[in-house]
Protein chains: 2
Amino acid sequence: MKTTEPHQSEHEHEHQSSSHNHNDCIDSALATAETLCVQQGQRLTKVRRRALELIWESHRPLGAYQLLAKLAEEGFNSAPPTVYRALDFLLAAGLIHKVESMNAYLGCAHADKAHKGYFLICDDCHNVMEFDYQDIHTALIAKAAQQGFELRAETIELTGLCSKCKSKAAGAIA
Amino acid sequence: MKTTEPHQSEHEHEHQSSSHNHNDCIDSALATAETLCVQQGQRLTKVRRRALELIWESHRPLGAYQLLAKLAEEGFNSAPPTVYRALDFLLAAGLIHKVESMNAYLGCAHADKAHKGYFLICDDCHNVMEFDYQDIHTALIAKAAQQGFELRAETIELTGLCSKCKSKAAGAIA
DNA sequence: TAGATTTTGTTATGATATAACAAGTCAAAC
DNA sequence: GTTTGACTTGTTATATCATAACAAAATCTA
Ligand SMILES: [Zn+2]
Ligand SMILES: [Zn+2]
Ligand SMILES: [Zn+2]
Ligand SMILES: [Zn+2]
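Model, not experiment: these values are computed from the prediction.

Some remarks on the protein's contact with DNA strand C
Here comes step 1: Surrounding DNA strand C, one finds 18 residues, the nearest of these being Thr45 and Arg85 of chain A together with Tyr65, Tyr84 and Lys98 of chain B.
Here comes step 2: Among the atoms of DNA strand C close to the protein, meaning within 4 Å, 50% are from sugar or phosphate groups.
Here comes step 3: Residue tyrosine 65 of chain B places a side-chain N or O atom 2.5 Å away from a base nitrogen belonging to DNA strand C.
Here comes step 4: The leading source of residues in the surface near DNA strand C is helix α5 (residues 80-92) of chain B, at four residues.
Here comes step 5: Taken together, the residues of the surface near DNA strand C sort by class into eight nonpolar, four polar and six charged.

Overview of the protein's contact with DNA strand D
Here comes step 1: DNA strand D sits among 18 residues. The nearest are Arg43, Tyr65 and Lys98 of chain A together with Thr45 and Arg85 of chain B.
Here comes step 2: Of what DNA strand D places within 4 Å of the protein, 50% of the atoms are sugar or phosphate.
Here comes step 3: A distance of 3.1 Å separates a phosphate oxygen of DNA strand D from a polar atom in the side chain of tyrosine 84 of chain A.
Here comes step 4: Here a phosphate oxygen of DNA strand D and a side-chain polar atom of lysine 98 of chain A are 2.4 Å apart.
Here comes step 5: Secondary structure elements with two or more residues in the surface near DNA strand D: α5 (80-92) of chain A together with α3 (46-57) and α5 of chain B.
Here comes step 6: Considering each element in turn, the surface near DNA strand D owes the most residues, four residues, to α5 of chain A.
Here comes step 7: For the surface near DNA strand D, the per-class residue count stands at eight nonpolar, four polar and six charged.

What to know about the environment of aspartate 27 of chain A
Here comes step 1: Positionally, aspartate 27 of chain A belongs in helix α2 (residues 22-39).
Here comes step 2: For aspartate 27 of chain A and arginine 50 of chain A, which are 23 residues apart along the polypeptide, the C-alpha to C-alpha distance reads 12 Å.

Remarks on the sheet that holds strand β4 (residues 128-131) of chain B
Here comes step 1: The strand order β4(A)-β3(A)-β5(A)-β5(B)-β3(B)-β4(B) describes an open sheet built from six strands, whose pairing is mixed. Strands at the two margins of the open sheet, each flanked by one partner only, are β4 (128-131) of chain A together with β4 of chain B. Each neighbouring strand pair of the sheet contributes to a mean axis angle of 20 degrees, computed without reference to strand direction.
Here comes step 2: Taken together, the five bridges between strand β3 (residues 118-122) of chain B and strand β5 (residues 150-161) of chain B define a ladder with parallel strand orientation.

Comments concerning the coordination of the zinc ion (ligand 1)
Residue and element names in this part refer to chain A.
Here comes step 1: Within the protein, the zinc ion (ligand 1) binds to His97 (NE2), Cys108 (SG), His115 (NE2), Glu130 (OE) and Glu130 (OE); these donor distances fall in the range 2.0 to 2.7 Å.
Here comes step 2: Each donor residue of the zinc ion (ligand 1) belongs to the same chain, with the gaps between them written as H-x10-C-x6-H-x14-E. Of this pair, histidine 115 sits in the loop between β2 (104-107) and β3 (118-122) while glutamate 130 sits in strand β4, placing them 15 residues apart in sequence.

Regarding the interface of chain A and chain B
Here comes step 1: On the side of chain B, 40 residues touch chain A, which itself brings 40 residues to the contact.
Here comes step 2: When chain A packs against chain B, the two sides together hide about 3500 Å² of surface, and 61% of this comes from carbon and sulfur.
Here comes step 3: Considering only the side of chain A, the residues that lose the most area to chain B are Lys143, Gln147 and Phe149 of chain A, jointly responsible for 18% of the buried surface there.
Here comes step 4: Taken together, the links from chain A to chain B amount to two salt bridges.
Here comes step 5: Notably, a salt bridge pairs arginine 152 of chain A with aspartate 123 of chain B, separated by 2.9 Å at the nearest N-O pair.
Here comes step 6: Elements supplying a minimum of two residues to the side of chain A that touches chain B: β3, β4, α6 (134-146), β5 (150-161) and α7 (163-173) of chain A.
Here comes step 7: No other element matches β5 of chain A, which puts twelve residues into the side of chain A that touches chain B.
Here comes step 8: Residue classes in the side of chain A that touches chain B are distributed as 19 nonpolar, ten polar and eleven charged.
Here comes step 9: Bridge count between β5 of chain A and β5 of chain B: eleven bridges; the pairing is antiparallel. From the neighbouring strand, alanine 153 of chain A faces β5 of chain B, where its bridge partner is threonine 159 of chain B.

Quick notes on the rules
Counting restarts for each chain, with residues numbered from 1 along the sequence as it is written. Chains carry letters and ligands carry numbers; both start at the beginning, A for chains and 1 for ligands, and go up in the order they are written. At least 70 in pLDDT is required for a residue's local features to be given in this predicted model, at least 80 for side-chain atom pairs to be given and counted, and no such filter applies to totals for whole chains, interfaces and linings, which use all residues. Hydrogens and waters are ignored; side-chain quantities use all the structure's heavy atoms. By convention in these notes, a residue is near a molecule or strand provided one of its non-hydrogen atoms lies within 4 Å of it. Whenever two N or O atoms come within 3.5 Å, that pair is a polar contact, provided that in protein one can donate a hydrogen and the other can accept it, and provided that, for residues adjacent in sequence, both atoms are side-chain atoms. Helix and strand definitions follow DSSP, with helices as H or I runs of at least four residues and strands as E runs of at least two, each counted in order from the N terminus. Residue classes follow a fixed rule: Ala, Val, Leu, Ile, Met, Phe, Trp, Tyr, Cys and Pro count as nonpolar, while Asp, Glu, Lys and Arg count as charged, and any other residue, Gly among them, counts as polar. Strand pairing is assigned whenever DSSP detects at least two bridges linking the two strands. An axis is simply a line fitted to the C-alpha atoms; with a helix, the fit covers only the stretch in contact. Between two such axes, the angle follows the N-to-C directions and lies from 0 to 180 degrees. In this description, a donor is an N, O or S atom within 2.8 Å of the metal centre, a cutoff extended to 3.2 Å for sodium, potassium and calcium. Water is not part of the atom list, which can make sites seem incomplete. Contacts were defined at the residue level, with two residues in contact if any of their heavy atoms lie within 4.5 Å. Summed over both partners, the accessible surface that disappears when two parts come together, traced with a 1.4 Å probe, is what is meant by buried area. The working definition used for a salt bridge is a side-chain nitrogen of Lys or Arg within 4 Å of a carboxyl oxygen of Asp or Glu.

So this is what it looks like as structure tokens:
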């Protein structure tokens, strides 16, 4: 299997990795968001911008009500529509993804490139890694087409044990 | 792309197809369920059995509360734990799948064969087709392993337009 | 600035899922 | 055939996730 997908190596890390400055991720994501919104004539309002930041500041996918609580702490309105509107906006703009199997939301590091969100989710530490995999995408389109099915969206969420948690588990046994 | 997967052609149809007697599906699924439960020393109690039947009788994935309402009509207890316990049992036994992106439950026609549930979901008619695809499964395991990730479960839910709805749409335009 | 459009505030409700503990059922062991 | 223990179900309450509907405010356009 080749692994020459476009932005695969760019963000295939765990957010908690000690070897990366997560602030850089956030800054970069926010800058991209600003640019994209301007390009598309969309308004990245205060609450939308802050929601995006808060999602990025979390090292794990963030639930809507977790995000709402954080926004409320900062003086934003604390009713559910506030957060769901912000999430809807960010999802539509491709700035975040929803992880269906967790009912949680995750910043996308490649918002400027059209792509599907594929995820590796650790059952143990709940870290989520987004990966891109053009071969799978192509194969799925072809497979669907075989059934006369025209593919529009893909929910690909893989769960299991990440390498760190696997090591930890092995250590515990030994 | 080869399509020589084990049970792919066995149930890759829409439930509403006029060319198949859905009662046969239900009877077969229930018989398999009985057998599997006996083999595994599990008890397919009245409510569990009836829940499974009701899920199969629906031509689309059934929500937990829809199922609960049907069970209540038949004199079963009408509190949520009743239905969620039945669903948990059927999921654990591999007799049904949950479609995460719909929060709904679907009978599995291949409960006797270990497999992952991959789904094609029509945005228009909401029919769901389960498919199996060994090539994808193998590729995903390998891809995860590259990241040191040990794969345990896969949520693969593809949405789009089924062939029938595509035809309908084309007809409407012409 | 007037009018249109978009965004936000607010209240209420709908939809999905689980916690906790009591009571009932069943089958093996005695 | 009763006891015992495991499993299953009943019951009440609550947690969690998401949207409807309409009013008010902010922003944009002309
Ligand atoms: Zn992404
Ligand atoms: Zn982990
Ligand atoms: Zn299945
Ligand atoms: Zn359809």
